[in-house]
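Observations on the model geometry
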Amino acid sequence: ARVICGLSGGVDSAVAAALVHKAVGDQLVCVFVDHGLLRQGEREQVEKDFVAATGVRLVTIDAEAQFLEALAGVSDPETKRKIIGREFIRTFEKAAADLVAEAAEEGGEVKFLVQGTLYPDIVESGGGSGTAVIKSHHNVGGLPDDLEFDLVEPLRTLFKDEVRAIGRQLGLPEEIVGRHPFPGPGLGIRIIGEVTKER
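Here we summarise the structure given alongside this text. The structure presented is a predicted model; accordingly, all values stated were derived computationally and were not measured.

Under the defined criterion, the tally for this structure stands at one cavity of 30 Å³ or more. Computed from the structure, the largest cavity encloses a volume of approximately 50 Å³. Forming the boundary of the largest cavity are L7, G9, G10, A14, Q45, V46, F50, I176 and R179. Class assignment of the residues belonging to the lining of the largest cavity gives a composition of five nonpolar, three polar and one charged.

As structure tokens, then:
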């Protein structure tokens with residue numbers, strides 16, 4: 001069956017995607033949502049460096065206007081995280097629906113969803129025993145209950161240094177594997193107060 005992967009541009013999702021691509025090849029399609037809150041040149045790096053290194057098929061969704069509109073007037077960091085997570089899921093669901101329709105036309109089926117969830121994501125989101133919510137992660141507990149895909153999280157029990165080591169073994173370029181961690185909500189969290197295009 002076909003597989004879709006949410007590719008953020010960070011180390012975790014890149015390594016998860018590369019690992020799954022090695023296993024299933026062209027059955028994998030990666031979806032990259034450009035929410036307009038990325039580091040400078042991040043979209044280009046994903047579209048060029050990652051694709052060049054892996055040969056994976058990449059679908060890019062330009063959703064900057066949608067995210068900025070949803071974040072207008074909001075300054076609380078946790079509220080911003082929730083909004084960004086919600087909009088990300090909505091955008092990704094639409095892209096996934098398009099890929100499901102495309103697969104059906106070709107007599108195939110999309111059965112799996114890959115995420116680059118790491119163990120610290122789970123702990124910070126209050127998962128595991130004796131933990132509290134430090135900050136919510138949209139890839140932990142943020143998926144809809146009626147998700148029609150089987151979830152695949154190959155890095156779920158690993159830490160960042162272990163993931164980087166796997167990425168190097170898979171031959172990913174150092175520009176991807178050695179990247180400084182950057183939150184999924186991106187600059188929406190780094191910006192204090194309301195998020196605007198200028199800020």
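Picking up where we left off.
Counting across every chain of the model gives 15 salt bridges. Among the ionic pairs, D62 bridges to R43, the shortest N-O distance being 3.6 Å. Remark: R43 occurs in helix α2 (residues 42-54) and D62 occurs in strand β3 (residues 57-62); sequence separation between them is 19 residues. On the basis of relative accessibility, which here comes to 23%, the residue R43 falls in the partly exposed class. Connected through shared salt-bridge partners, D34, R43, E47 and D62 make up one network.

Another point: the side chain of D34. Among the structural elements, D34 can be located in strand β2 (residues 28-34). Once residues within four sequence positions are removed from consideration, D34 is found in contact with R43, I61, D62, A63 and E64.

Further remarks concern the sheet that holds strand β1 (residues 2-6). If you trace the five strands from one edge of the open sheet to the other, you get β3-β2-β1-β4-β5, paired in parallel fashion. Two strands bound the open sheet, and with one partner strand each, they are β3 and β5 (150-152). Strand-to-strand twist in this sheet, taken as the mean axis angle between neighbours without regard to direction, amounts to 30 degrees. The pairing of β1 with β2 spans four bridges and is parallel. The partner of G6 across the bridge, within β2, is V31.

Conventions we followed
- Residues numbered from 1 in each chain as written.
- Predicted model: local features only at pLDDT ≥ 70, side-chain atom pairs only at ≥ 80, totals over all residues.
- Heavy atoms only, no water.
- 1 Å grid on protein atoms, 1.4 Å probe; cavity = no way out; pocket = protein on both sides within 12 Å on 5 of 7 lines; lining within 4 Å.
- Points joined across faces, edges and corners; volume = space filled by probe spheres on them.
- Nonpolar A, V, L, I, M, F, W, Y, C, P; charged D, E, K, R; others polar.
- Salt bridge = Lys/Arg side-chain N within 4 Å of Asp/Glu carboxyl O.
- Helix = DSSP H or I, 4+ residues; strand = E, 2+ residues; numbered from the N terminus.
- Buried < 20%, exposed > 50% of the residue type's maximum accessible area, 1.4 Å probe, protein only.
- Contact = heavy atoms within 4.5 Å.
- Pairing = 2+ DSSP bridges.
- Axes fitted to C-alpha atoms, helices over the stretch in contact; angles between N-to-C directions.

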